[in-house]
Amino acid sequence: MQFRTELAVKPSTSKMEYTSKIMMIGSCFAENIGEKLTYYHFPSMINPMGILFQPTALQKWIERVVYLKNYLETDFFKTHENIWQCYDLHSKNGHENLEEALNLANQKLQKTHDFLLNATHICITFGTAWVYELKESKHLVANCHKMPASLFEKKLLEVEEIQTSVSKIIQLIHQINPKASIVFTISPVRHLKDGFVENNLSKSHLFAALHSINHQPSTVNYFPSYEIMMDDLRDYRFYGADMIHPNPIAIDYIWEKFSGVYFSEITRNQMEIVGQWQKLKNHRTLNSSKIATSTSSKLSTLELQIREFLTDF
């Protein structure tokens with residue numbers, strides 16, 4: 001007897017390998033998968049300028065990266081905590097010194113542009129369709145930076161607006177990197193601060209908009225992160241203590257599904273070798289020279305194997 005529905009996802013024809021260059025951008029869930037890529041030593045770049053939750057923020061940021069449109073002093077403002085921030089960026093880019101904030105942001109912009117030029121896969125995670133607009137300038141912000149709520153108006157992006165952002169994102173990326181594969185997904189993190197009904201409404205707008213990628217080239221596809229969490233796992237035991245974010249078990253499960261879709265059997269075997277090396281490297285041995293020598297020997301053997309498929313290891 002079967003007590004759950006398991007979501008089957010078709011393997012992608014565009015495989016990620018150790019020769020690939022993978023970029024993960026978007027919501028905090030992009031970082032969950034990005035940490036796995038980093039752990040297994042895939043050449044990757046994970047949210048280089050911080051988390052961005054909503055489609056228009058990602059579109060504007062990608063446009064700036066593609067055209068190398070440097071940030072200016074006028075893009076930053078000073079918060080009540082005396083930190084210079086940019087409404088289009090995550091708060092981790094803030095700095096007490098304006099010139100330093102500007103230099104760091106533009107350095108990251110250049111690095112991201114250089115990586116994007118040769119990236120083989122760009123994975124984009126949308127978190128919400130709710131956005132905040134500055135009342136004075138009508139500017140849709142990526143981050144409110146804890147500024148007074150009275151400065152903003154909260155809005156729900158229409159499906160057509162999200163579709164426009166999706167199309168522009170695809171166009172922009174393929175403009176400088178026509179061969180790049182683009183993977184869209186929706187974060188399984190529930191934004192319950194918006195409200196239960198409002199969260200479902202937000203996710204439904206994202207789903208409806210991303211349905212349009214069915215008409216895009218084969219280099220663009222969709223991975224069902226949210227569906228795996230809600231319809232496959234479907235249980236509060238797979239959430240963290242806040243009952244909002246997936247716990248490590250859920251993240252591991254979604255990663256397994258992701259691996260089955262985007263990694264070949266050869267790549268998964270190579271990942272197993274890297275995984276063995278990671279476990280052995282992080283394992284605390286007893287205070288015995290014999291055990292330490294054995295561990296060192298095993299590590300050296302695994303490192304030789306890894307260097308056969310990962311030259312910059």
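Calculation notes
- Per chain, residue numbering runs from 1 following the sequence as it is written.
- Per-residue local features are limited, in this predicted model, to residues with pLDDT of at least 70; the limit for side-chain atom pairs, both in listing and counting, is 80 or more; totals at the level of whole chains, interfaces and linings are taken over all residues.
- For the side-chain quantities, the full set of heavy atoms in the structure was used; hydrogens and water were omitted.
- The set of buried Ala, Val, Leu, Ile, Met, Phe, Trp, Tyr and Cys residues whose side-chain atoms join them within 4.5 Å is what this entry labels a nonpolar core.
- Residue exposure (1.4 Å probe, protein chains only): buried if accessible area is under 20% of the type maximum, exposed if over 50%, otherwise partly exposed.
- Contacts: residue pairs with any heavy atoms within 4.5 Å of one another.
- The term salt bridge refers to a side-chain nitrogen of Lys or Arg lying within 4 Å of a carboxyl oxygen of Asp or Glu.
- Helix and strand definitions here come from DSSP, where helices need a minimum of 4 consecutive H or I residues and strands a minimum of 2 consecutive E residues; each element is numbered from the N-terminal end.
- We call two strands paired when DSSP finds no fewer than two bridges between them.
- What counts as a ring pair is set by centres within 6.5 Å for rings of Phe, Tyr and Trp (its six-membered ring), and what kind of pair is set by the plane angle: stacked under 30 degrees, edge-to-face over 60, tilted for all other angles.
- Whether a charge lies above a ring is judged from NZ of Lys or CZ of Arg, which has to be within 6 Å of the ring centre and within 35 degrees of the ring normal.

A.B. asks: Account for the nonpolar core, with residues named and values stated.
C.D. replies: Ranked by size, the top nonpolar core spans 51 residues in total, and within it Tyr71, Ile124, Phe126 and Phe184 carry the most contacts. Not counting the four nearest positions on each side in its chain, Tyr71 is found in contact with Met49, Trp61, Arg64, Phe76, Cys86, Leu89, Leu102, Ala105, Asn106 and Leu109. Listed in part, the 37 residues of the second largest apolar core include Tyr40, Phe223, Ile228 and Phe263.

A.B. asks: Mind laying out the pattern of salt bridges, listing which residues take part and the relevant values?
C.D. replies: Considering all chains together, one arrives at 8 salt bridges under this definition. With a closest N to O distance of 3.9 Å, Asp75 and Arg64 form a salt bridge. Here Asp75, found in the loop between helix H2 (55–66) and strand E3 (76–78), pairs with Arg64, found in helix H2; they are 11 residues apart in sequence, far enough to count as distant. Take Arg64: its relative accessible area is 11%, and that puts it in the buried class.

A.B. asks: With reference to specific residues and values, describe unusual backbone geometry.
C.D. replies: One non-glycine residue, Lys146, lies in positive phi territory at about 60°. When you line up the elements, Lys146 lands in the loop between strand E7 (140–141) and strand E8 (152–156). Overall, the relative accessible area of 72% leaves Lys146 in the exposed class. A positive phi angle, close to 60°, is found at Met243, a residue other than glycine.

A.B. asks: So what about the sheet that holds E7? Which residues, and what values?
C.D. replies: Reading across from one edge, E7-E6-E8 is the order of the 3 strands in this open sheet, with antiparallel pairing throughout. Unpaired on one side and paired on the other, E7 and E8 mark the two borders of the sheet. Relative to E8, strand E6 (residues 130–134) runs antiparallel, the two being bridged by 5 bridges. If you follow Leu134 over to E8, its bridge partner there is Phe152.

A.B. asks: Outline the packing of aromatic side chains, supporting the account with residue identities and numerical values.
C.D. replies: Scanning the model with the defined rule gives 18 aromatic pairs in all. Here Tyr71 and Phe76 contribute two aromatic rings whose centre-to-centre distance is 6.4 Å and whose plane-to-plane angle is 75°, an arrangement assigned as edge-to-face. The exposure classification of Tyr71 matches that of Phe76, with both residues buried. Through a chain of ring-to-ring contacts, the aromatic side chains of Tyr18, Tyr39, Tyr40, Phe42, Phe223, Trp255, Phe258, Tyr262, Phe263 and Phe309 assemble into a single cluster. One cation-aromatic arrangement involves Arg64 over Tyr71; the distance from NZ or CZ to the ring centre is 4.0 Å. The ring centre of Trp130 lies 4.8 Å from the NZ or CZ of Lys154, which sits over that ring.

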